[in-house]
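Now for the letters of each chain:
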Amino acid sequence: MTLELRKIVTYAENTLIEGGKVAERPLRLYAAAAVLRNPWHGRGFVEDLGPEIREIAPQLGEMLTAEILRMAGSGEAVEGYGKAAIVGTSGEVEHASALIHTLRFGNHYRTAVGAKSYLSFTNVRGGAACPIAIPLMHKHDEGMRSHYLTIQFAITDAPAHDEIVVALGASIGGRPHHRIGDRYKDLAELHNHA
């Protein structure tokens, strides 16, 4: 089964003012999404998803990573990152999961941005215009709350019932005016009060 790609959709957002205050450094969010035919659609329950994962996931990882790098300018510029997949209503959530929860997909992105953290994710079933929510975290530090962000957008005609949307997200910067600390501060405070 080869990749049947219908289209690639990109998304960009620049936040200049947050909470009525100008951001010292604008927050830049980017996403790239592939809309493809679900390779398991119409085949009933498929026990072994491996052949399609090995064939399709690396192509998606390479293609979407290239789009993110094009928008961000470089892998070094990317600070926060994440992934998401939505399977159309005739598919299983396992089909969405299969294409993003494999190193064959995620390692393209991890390597390109020099990441140490795992890729945060969502995987759901939905119809056309289902919100694509990509949770982000800092690529080097899971505890850095400034980069706990979510990119959300929708594709009006995707996924169709027999499609899957696979997406990568990136941030340049964290939340403007972040001031809730990080999880290490909480751990230290909780330890001192125990």
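To be clear, the structure that these remarks concern was listed above.
Residues numbered from 1 in each chain as written. Predicted model: local features only at pLDDT ≥ 70, side-chain atom pairs only at ≥ 80, totals over all residues. Heavy atoms only, no water.

K.L.:
Got a sec to walk through the overall build of the chain? Specific residues and values, please.
P.N.:
Helix and strand counts for the chain stand at four helices and seven strands. Counted from the first residue to the last, the chain has its helices and strands arranged as β-β-α-β-α-α-β-β-β-β-α. For 194 residues, the compact-globule formula gives about 16 Å, and the C-alpha radius of gyration of the chain, at 18 Å, lands near that figure. Referenced to the eigenvectors of the C-alpha coordinate spread, the extents of the chain come out at roughly 55 × 40 × 30 Å. For the chain, the proportion of its 194 residues judged to be buried stands at 48%. A total accessible area of about 9,500 Å² is found for the chain, and carbon and sulfur atoms account for 52% of it. A distance of 4 Å separates the average location of the 20 positive side-chain charges in the chain from that of its 22 negative side-chain charges. (Helix = DSSP H or I, 4+ residues; strand = E, 2+ residues; numbered from the N terminus. Rg over C-alpha atoms; globule rule 2.2 N^0.38 Å. Buried < 20%, exposed > 50% of the residue type's maximum accessible area, 1.4 Å probe, protein only. Areas by Shrake-Rupley, 256 points an atom, 1.4 Å probe, with all protein chains shown as cover. Lys, Arg positive; Asp, Glu negative; His and termini not counted. Charge placed at Lys NZ, Arg CZ, Asp CG, Glu CD.)

K.L.:
Describe a nonpolar patch on the surface, with residues and values.
P.N.:
On the surface, Leu-16, Ile-17 and Val-22 cluster together to form a nonpolar patch covering roughly 310 Å² of accessible area. With respect to the helices, strands and loops of the structure, Leu-16 is situated in strand β1 (residues 5-18). (Patch = residues over 30% accessible without salt bridge, like charges linked within 9 Å, V, L, I, M, F, W, Y side chains within 5 Å. Salt bridge = Lys/Arg side-chain N within 4 Å of Asp/Glu carboxyl O.)

K.L.:
Account for helix α3 (residues 103-113), with residues named and values stated.
P.N.:
Every buried residue of α3 is listed here: Phe-105, Gly-106, Tyr-109, Arg-110 and Val-113. Considered in projection along α3, the buried side chains sweep an arc of 115 degrees and stay on one side of the axis. Exposed side chains of α3 directed beyond 90 degrees from the buried face belong to Leu-103 and Thr-111. Those residues of α3 hidden inside the fold are in contact with α1 (50-72), β3 (80-87), α2 (93-100) and β7 (163-172). Once α3 ends, the next one or two residues include Gly-114, with phi positive near 65 degrees. (Arc of directions from axis to C-beta. Contact = heavy atoms within 4.5 Å.)

K.L.:
Give me the lowdown on the nonpolar core, citing residues and values where you can.
P.N.:
Core analysis: the biggest nonpolar cluster contains 35 residues, and Leu-36, Leu-60, Ile-68, Tyr-109 and Val-166 have the highest contact counts within it. Listed by contribution, the elements that provide at least two residues to this core are β2 (21-37), α1, β3, α2, α3 and β7. No other element matches α1, which puts nine residues into this core. In contact with Ile-68, not counting residues within four places along its chain, are Tyr-30, Ala-31, Ala-32, Val-78, Tyr-109, Leu-168, Gly-169 and Ala-170. Judged by nonpolar contacts, the second largest core, of 19 residues, contains Val-9, Leu-29, Ala-31 and Val-165. (Core = buried A, V, L, I, M, F, W, Y, C linked by side-chain atoms within 4.5 Å.)

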